[in-house]
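Fold and geometry: a report
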Amino acid sequence: MEPRRRERRVVAVAGAAALVAVGLNIAFSAVAAHRRRKRQELPGFTAQVNLSAAEIKRLADRIIAKAKETYDSVAAVPLDKASFANVVAPLAELDALQFPLVQACLLPRMVSASEDVRKASAEAEKRLDSHFVLCRQREDVYRVIKAFAVKGERIGPEATRFLQCLVKEFERNGVKLSQSKRKEMEKLKCHIDELNLNYLQNLNDFTKFLLLSEDELAGMPFEFLKDLEKAEGKLKVPLTSYHVTPILEHCKVGSTRKQIAVAYGQKGGKDNLGILENLVQLRHKFARLLGYANYADFAIEPRMPRTSRKVLEFLEEISEQLSDVANRELSILKDLKMKEEGNAQVGMEDLLYYIKRAEEFKVDLDIGAIKQYFPVSLVISGMLKMFQDLFALRFDEIKDAEVWHDTVRVFSVWDASSRDLLGYFFLDIFAREGKYAHTCVVTLQNGCLCSNGTLKVPAALLLSQCPKEFDGNSALLRFPEVVRLFHEFSHVVHHISNRATFSRFSALRLEGDFAEIPSLLLENWCYESISLKMMSGFHQDITKSITSEACQSLKRRRDLFAGLKMKQEILLCLVDQIIHSSENVDIDDLIKELHPKVMLGIPLLEGTSPASCFPRIAIGYDAVCYSYIWSEVFAADLFVSKFKDDLLNQHAGLQFRNKVLAPGGSKDSLEIITDYLGREPSLQPFIQSRTRNSL
């Protein structure tokens with residue numbers, strides 16, 4: 001074929017292909033547009049939930065560019081011209097507009113079926129985190145914000161609180177430090193991060209095991225034994241919590257329990273103890289650079305207690321008030337051990353085993369059989385009905401909203417009286433490959449009022465890993481999974497009930513310790529007959545709900561030995577608080593001294609160091625391990641004072657929704673609860689519930 005003719009033919013074919021491609025693109029665009037039209041829009045919701053890897057990268061670029069533009073604009077304001085309109089309002093508006101966009105970038109890491117999309121999301125998260133840290137370290141922006149703050153203009157209580165939060169965030173990020181001290185702070189942060197990872201890595205790399213005979217594992221279920229590898233004529237027991245906890249609960253051989261407990265208590269060993277000691281010293285240096293006396297005061301300042309002294313007083317008071325009930329519980333365990341082993345001396349290795357034995361005597365409950373009353377679908381429908389009834393809400397399912405997987409459900413939330421739209425929630429509760437493995441709540445959008453008058457409503461996602469349906473039958477949930485789902489959905493309702501004007505105070509962006517209080521309060525409904533019956537039904541005949549006797553047994557099981565269980569938590573919280581509020585504490589000596597005092601004379605297991613295998617104290621909860629106990633105490637007071645006598649009282653639920661949940665972070669958390677109770681919160685309902693119900 002002649003070159004020119006061949007060229008014309010190639011061009012013709014290419015042109016035809018291009019026309020086909022254009023036609024296909026038009027067709028696909030038409031289909032996509034049709035799909036977009038078909039997908040129901042959610043008024044007041046602007047977050048995107050189904051981005052591609054490329055879209056995530058582009059969106060992250062836009063977020064960073066827009067933030068830089070806004071911060072540059074604020075920094076350019078002359079100090080004497082600083083006003084609410086040109087300083088505070090632009091930063092508040094930026095937060096309102098960008099929060100759902102940031103969440104759109106981060107969500108796919110947890111839910112996408114595509115590995116490429118999850119990877120792009122994880123990379124975007126790193127970029128955005130680094131960017132926002134740098135934003136809060138801009139001295140030029142801080143100077144302008146501070147210049148406006150010192151004017152003391154009256155701008156309303158929520159705006160004033162927003163301004164105070166801005167100032168404090170900049171200062172806690174070191175913006176007032178000299179350049180040399182700021183560099184020192186960054187070095188400390190990097191060193192701390194490195195040691196955190198080393199501590200966790202040592203725990204993850206721990207692969208030791210024990211070789212034990214079947215006689216040494218007497219009492220263990222056959223299902224447990226059959227899964228163990230054999231080596232040298234014995235059974236190989238890995239020292240993981242998955243294997244250690246069942247042995248400490250079921251093994252009849254005291255020497256085996258002790259051997260297992262000691263070996264597991266050495267996890268992390270001297271290496272992790274040394275790492276923790278270094279971490280504590282570096283944290284103190286970090287806090288002192290920022291003007292704090294110690295790291296605990298730095299960590300606790302934005303939380304409800306405000307100071308480390310308050311936390312220590314709180315923990316010591318609870319420990320003291322629980323001593324009587326814990327001593328009675330310990331006496332029961334001593335009696336059981338004397339009858340079974342002829343020795344009344346109870347060690348730490350005995351607690352789980354004899355608590356389990358006592359439960360068998362005192363609670364008539366087959367926890368395995370209970371599972372048959374909790375099909376996933378029935379638990380979800382009953383849970384939604386209960387929250388609607390209690391809080392005067394209405395949930396409407398939206399069948400054709402945009403989602404990232406066909407098992408995801410979407411609901412709008414309405415005020416049952418005013419019929420106002422309050423927000424949305426997504427349920428992504430079934431297990432699948434690549435999905436985040438834990439039950440949690442993810443905020444998709446904050447509720448807020450934008451400067452142009454448009455309203456963004458709160459939106460949240462409940463993630464879980466429930467088993468899927470099998471042969472048309474709803475999968476069954478273990479009771480702890482029911483409680484966990486209920487707890488997390490309480491966070492959803494908390495978020496959607498939020499009526500703060502500023503995005504900064506919406507969602508669960510609350511003062512530390514407050515976020516868990518409503519969910520811990522509402523967990524009480526999981527142990528009361530009236531609400532449990534709403535969420536249960538025998539899987540072969542759902543008209544048969546769980547019995548009242550079983551409900552009482554579940555509650556009694558929860559409360560048994562609550563004193564001793566809480567004492568163990570208090571011990572670790574005290575260690576965490578003391579080492580982070582004092583200088584040069586020998587951690588091993590501290591634990592040896594505290595252990596028998598808090599644990600009623602039970603000595604520390606020789607050769608073990610709880611601080612070497614307690615990841616919360618190393619990363620994530622450093623200096624704030626007390627927080628969960630604090631939240632439990634407040635939740636107990638709220639439950640006893642407002643709900644205990646009438647669990648489905650809608651008037652009480654509506655008051656709680658409007659007075660406690662609605663303000664979000666726009667008011668001081670302690671002030672919110674004090675106003676609601678009409679008095680200072682009390683420790684006594686918590687102590688009384690543990691004392692009354694434990695035995």
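Within each chain, residues carry numbers counting from 1 in the order of the written sequence. Residue-level local features of this predicted model are given only where pLDDT is at least 70; pairs of side-chain atoms are given and counted only at 80 or more, and the full residue set underlies all totals for whole chains, interfaces and linings. Calculated side-chain values reflect all of the structure's heavy atoms, with hydrogen atoms and water omitted.

To keep things clear, this is the line we draw: UniProt positions are given in the numbering used here, feature names are shortened, and annotations may be inferred rather than shown by experiment.
The protein chain goes by Thimet oligopeptidase isoform X1 in an unreviewed UniProt entry, where it is assigned to Panicum miliaceum. Looking at the protein chain in UniProt, the text filed under Sequence similarities (unreviewed entry) is "Belongs to the peptidase M3 family." For the record of the protein chain, the UniProt heading Subcellular location (unreviewed entry) holds the text "Cytoplasm".

**Observations concerning the packing of helix H3 (residues 84–106) against helix H7 (residues 157–172)**
Convention followed: An axis is simply a line fitted to the C-alpha atoms; with a helix, the fit covers only the stretch in contact. Between two such axes, the angle follows the N-to-C directions and lies from 0 to 180 degrees. Only DSSP runs of H or I covering at least 4 residues are called helices, and only runs of E covering at least 2 are called strands; the numbering of each starts at the N terminus. Here is the rule for angles: anything less than 35 degrees is roughly parallel, anything more than 145 is roughly antiparallel, 65 through 115 is roughly perpendicular, and the remaining ranges are oblique. By definition in these notes, contact holds between two residues if any of their heavy atoms fall within 4.5 Å. We call Asp, Glu, Lys and Arg charged. Ala, Val, Leu, Ile, Met, Phe, Trp, Tyr, Cys and Pro are nonpolar, and the rest, Gly among them, are polar.
Where H3 meets H7, the axes come as close as 11 Å, and the angle between the chain directions of the two elements is 80 degrees. Considered as vectors, H3 and H7 are oriented roughly perpendicular to each other. Facing Phe84, Val88, Leu91 and Ala92 of H3, the residues of H7 in contact are Ala159, Phe162, Leu163 and Leu166. When grouped by side-chain class, the residues that make up the contact of H3 with H7 number eight nonpolar, no polar and no charged.

**Looking at the packing of helix H10 (residues 241–250) against helix H11 (residues 254–265)**
To keep things clear, this is the line we draw: Helix crossings fall into two classes, left-handed where the near helix is turned counterclockwise from the far one by less than a right angle and right-handed where it is turned clockwise.
At a minimum axis separation of 9 Å, H10 and H11 run at an interaxial angle of 150 degrees. The handedness of the crossing between H10 and H11 comes out as left-handed. For the pair H10 and H11, contact is made by Ser241, Val244, Ile247 and Leu248 and by Thr256, Arg257, Ile260, Ala261 and Tyr264, respectively. Residue composition of the contact of H10 with H11, grouped by class: six nonpolar, two polar and one charged.

**Quick notes on the pattern of salt bridges**
Keep this limit in mind: For this document, the term salt bridge refers to a Lys or Arg side-chain nitrogen within 4 Å of an Asp or Glu carboxyl oxygen. A simple rule labels every residue: compare its accessible area, found with a 1.4 Å probe on the protein chains alone, to the largest value its type can have, and call it buried under 20%, exposed over 50%, or partly exposed in between.
Taken as a whole and judged by the stated rule, the model has 43 salt bridges. Residue arginine 138 pairs with aspartate 140 through a salt bridge whose shortest N-O separation is 2.9 Å. For arginine 138, a relative accessible area of 19% corresponds to the buried category. Look at aspartate 140 and you get partly exposed, because its relative accessible area is 26%. The residue glutamate 301 makes a salt bridge to arginine 172 at a minimum N-O spacing of 2.9 Å. One end of the pair, glutamate 301, is in the loop between helix H13 (295–300) and helix H14 (308–341); the other, arginine 172, is in helix H7, with 129 residues separating them in the sequence. The exposure class assigned to glutamate 301 is partly exposed, which follows from its relative accessible area of 23%.

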